[in-house]
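Chain and residue survey
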Amino acid sequence: MNSKKYIIKGDGLPNWTNPISHGVVANNMCFVSGQLSVNAEGQYVCGTALKETEIAFENFFAVLKNAGFEKEDTVFIDIAFSDLENLTEINQLFISLFPENRRPARTVYEVQKLPFGGKIKIAGTAVKDVKTK
């Protein structure tokens, strides 16, 4: 198998000023950096926990798309909340995004502080089936 590793760049990704990558592809795996409620200009978009989660997932899926992966390739999601009181509402969104038979493994935890004073950060991993020739 040919090995490949590259930094993900492309359309619809926030313009970061920080020295981080949106994600990295290594062979058949895509590692997505923590995505926030940030617009294309890299500015934080303040909203309800649900709205910020929707934007963070849009950014997460945009990273996957630019890497040539699909939402269904997601195998792991890491969600950091500023307040776990919002978990029930976020769980409903998670269920709508990932049907039961395609639901990735997930961690959820509360943190004291997130960048920009945000309410949520989403990171994760996607894996494509390995095709052999």
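For the structure itself, consult the block above.
Fair warning: this is a prediction, and the values are worked out from it, not measured in the lab.

**Here's the deal with the packing of helix H1 (residues 49–66) against helix H2 (residues 87–97)**
Two elements in contact, H1 and H2, have axes separated by 9 Å at closest approach and are oriented at 30°. The two elements H1 and H2 meet at a crossing, and its hand is right-handed. Here H1 contributes Ala49, Leu50, Thr53, Glu54, Phe57 and Phe61 to the contact with H2, which in turn contributes Glu89, Ile90, Leu93, Phe94 and Leu97. Residues that form the contact of H1 with H2 fall into these classes: eight nonpolar, one polar and two charged.

**Focus: H2**
Along H2, the positions that sit buried rather than exposed are Ile90, Leu93, Phe94 and Leu97. On an axial view of H2, the arc spanned by its buried residues comes to 100°, and they lie on one face. Pointing more than 90 degrees away from the buried face of H2 are the exposed residues Thr88, Gln92 and Ser96. In the core, the buried residues of H2 are packed alongside H1, strand E4 (74–81), strand E5 (105–110) and strand E6 (120–127).

**Thoughts on the packing of aromatic side chains**
A full pass over the atoms with the stated rule returns eight aromatic pairs. A ring pair is formed by phenylalanine 57 and phenylalanine 61, whose centres lie 5.6 Å apart and whose planes are at 25°; its orientation type is stacked. Placement of the pair is phenylalanine 57 and phenylalanine 61 together in helix H1, with a separation of four residues, close to one helical turn. Residue classification places phenylalanine 57 among the buried residues on the basis of a relative accessible area of 2%. The exposure class of phenylalanine 61 is buried, given its relative accessible area of 18%. Over the ring of phenylalanine 61 we find lysine 71, and its NZ or CZ is 5.7 Å from the ring centre. The ring of phenylalanine 94 carries arginine 106 above its face, with NZ or CZ at 4.5 Å from the centroid.

**Structural notes on the nonpolar core**
One finds Cys30, Phe57, Leu64, Ile77 and Ile122 to be the most contacted residues of the largest nonpolar core, which totals 26 residues. Looking at this core, the elements with two or more residues in it are strand E3 (29–35), H1, E4, H2 and E6. When residues in this core are grouped by element, the largest group, eight residues, is from H1. Among all residues touching phenylalanine 57, those that are not within four sequence positions of it are Ile77, Leu93, Phe94, Leu97, Phe98 and Ile122.

Here is what the cut-offs are and how they apply
- Residues numbered from 1 in each chain as written.
- Predicted model: local features only at pLDDT ≥ 70, side-chain atom pairs only at ≥ 80, totals over all residues.
- Heavy atoms only, no water.
- Axes fitted to C-alpha atoms, helices over the stretch in contact; angles between N-to-C directions.
- Helix = DSSP H or I, 4+ residues; strand = E, 2+ residues; numbered from the N terminus.
- Left-handed = near helix turned anticlockwise from the far one by under 90°.
- Contact = heavy atoms within 4.5 Å.
- Nonpolar A, V, L, I, M, F, W, Y, C, P; charged D, E, K, R; others polar.
- Buried < 20%, exposed > 50% of the residue type's maximum accessible area, 1.4 Å probe, protein only.
- Arc of directions from axis to C-beta.
- Phe/Tyr/Trp six-rings, centres within 6.5 Å; stacked < 30°, edge-to-face > 60°.
- Lys NZ or Arg CZ within 6 Å of the ring centre and 35° of its normal.
- Core = buried A, V, L, I, M, F, W, Y, C linked by side-chain atoms within 4.5 Å.

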